[in-house]
Amino acid sequence: LQVCEVKASGKGIVIDVECPEDILIRANAPLLEQAIVNLAENAVKFSNPDSRISVKAARMNAKTVISVQDYGAGIEKRHLPGLFERFYRVDQGWDTRSGGTGLGLAIVKHIAMLHNGEVNVTSTLGVGSIFSILLPSRRNE
Ligand SMILES: Nc1ncnc2c1ncn2[C@@H]1O[C@H](COP(=O)(O)OP(=O)(O)OP(=O)(O)O)[C@@H](O)[C@H]1O
Ligand SMILES: [Mg+2]
């Protein structure tokens, strides 16, 4: 999250982190970091200025959930099915500065799948979004 700190603070955004230390997962650390950075960069990019982003890790039964929540633009329901496809971008005529290639979420999905995991999104237009990476928890811990 330090990677996103400069852009976040430049927009007046505070990143809250909640990650209990006893959560253990078996993962390729650089890849997982890339996935979290992609989600956090999106959250900063599509957040309202002077808002907060919340990044959490939590254990839910056999799964560990890493979620990134923002209070920003949100995404229309009709766009959700295509969101994790390569080069998919929601047309935002009002904001040409948020230009990207549309690869970030496809990479997140790819990384989740490499870990036998999955990605989810829940979003409300004008309210914000929660992107989650669900990974298998380590057994016996
Ligand atoms: N947190 C978010 N809030 C609102 N819209 C989002 C959010 N995250 C992603 N999106 C929408 O999904 C599209 C795809 O996201 P993705 O990260 O794949 O591409 P990008 O951010 O446009 O470009 P890149 O990540 O390649 O620089 C974005 O262009 C944006 O329209
Ligand atoms: Mg992106």
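Preceding block: the structure.
What comes next is a walk through the structure.

**Quick notes on the pattern of salt bridges**
- Evaluated as defined, the whole model comprises three salt bridges.
- Notably, a salt bridge pairs Arg 52 with Asp 16, separated by 2.9 Å at the nearest N-O pair. With Arg 52 in strand S2 (residues 52–60) and Asp 16 in strand S1 (residues 14–18), this residue pair connects regions lying 36 residues apart in the sequence.
- Between Glu 76 and Arg 78 there is a salt bridge, with the nearest N and O atoms lying 3.1 Å from each other.

**Focus on the site of ligand 1**
- Neighbouring ligand 1 are 19 residues; Asn 42, Lys 45, Asp 70, Arg 89 and Thr 101 lie closest to it.
- A distance of 2.8 Å separates a nitrogen atom of ligand 1 from a polar atom in the side chain of Asp 70.
- In this structure, Leu 105 approaches ligand 1 through a main-chain N or O atom, which is 2.8 Å from an oxygen atom.
- Within the complex, 91% of the 590 Å² of free accessible area of ligand 1 lies under protein.
- With respect to the detected pockets, ligand 1 is housed in the largest pocket.
- Listing elements by their share of the shell around ligand 1, those giving two or more residues are helix H2 (29–45), helix H3 (104–114) and strand S5 (128–136).
- Broken down by class, the residue content of the shell around ligand 1 amounts to eight nonpolar, eight polar and three charged.

**Concerning the nonpolar core**
- Membership of the largest hydrophobic core comes to 29 residues, with the highest contact counts inside it found for Leu 39, Ile 53, Leu 83, Phe 84, Phe 131 and Ile 133.
- Breaking this core down by element, the ones donating at least two residues are helix H1 (2–10), H2, S2, strand S3 (63–70), H3, strand S4 (118–124) and S5.
- Looking at which element gives the most residues to this core, the answer is H2, with eight residues.
- When near neighbours in sequence (up to four residues on either side) are disregarded, Leu 83 contacts Ile 75, Tyr 88, Val 90, Leu 105, Val 121 and Phe 131.

**Section: the pairing of S2**
- Bridge count for S1 against S2 is five bridges, and the pairing is parallel. From the neighbouring strand, Val 14 faces S2, where its bridge partner is Arg 52.
- In this fold, the crossover linking S1 to S2 by way of H2 has left-handed handedness.
- Where S2 meets S3, eight bridges bridge the pair, whose relative direction is antiparallel. By the bridge assignment for S3, Met 60 is matched with Lys 63.

What counts as what
Residues numbered from 1 in each chain as written. Chains lettered and ligands numbered in written order. Predicted model: local features only at pLDDT ≥ 70, side-chain atom pairs only at ≥ 80, totals over all residues. Heavy atoms only, no water. Salt bridge = Lys/Arg side-chain N within 4 Å of Asp/Glu carboxyl O. Helix = DSSP H or I, 4+ residues; strand = E, 2+ residues; numbered from the N terminus. Near = heavy atom within 4 Å. Polar contact = N/O pair within 3.5 Å; in protein donor to acceptor, adjacent residues only side chain to side chain. Areas by Shrake-Rupley, 256 points an atom, 1.4 Å probe, with all protein chains shown as cover. 1 Å grid on protein atoms, 1.4 Å probe; cavity = no way out; pocket = protein on both sides within 12 Å on 5 of 7 lines; lining within 4 Å. Sits in = over half its atoms within 2 Å of the grid points. Nonpolar A, V, L, I, M, F, W, Y, C, P; charged D, E, K, R; others polar. Core = buried A, V, L, I, M, F, W, Y, C linked by side-chain atoms within 4.5 Å. Buried < 20%, exposed > 50% of the residue type's maximum accessible area, 1.4 Å probe, protein only. Contact = heavy atoms within 4.5 Å. Pairing = 2+ DSSP bridges. Right-handed = clockwise from strand over helix to strand, strands pointing away.

Any link to function would need more than the numbers given here.
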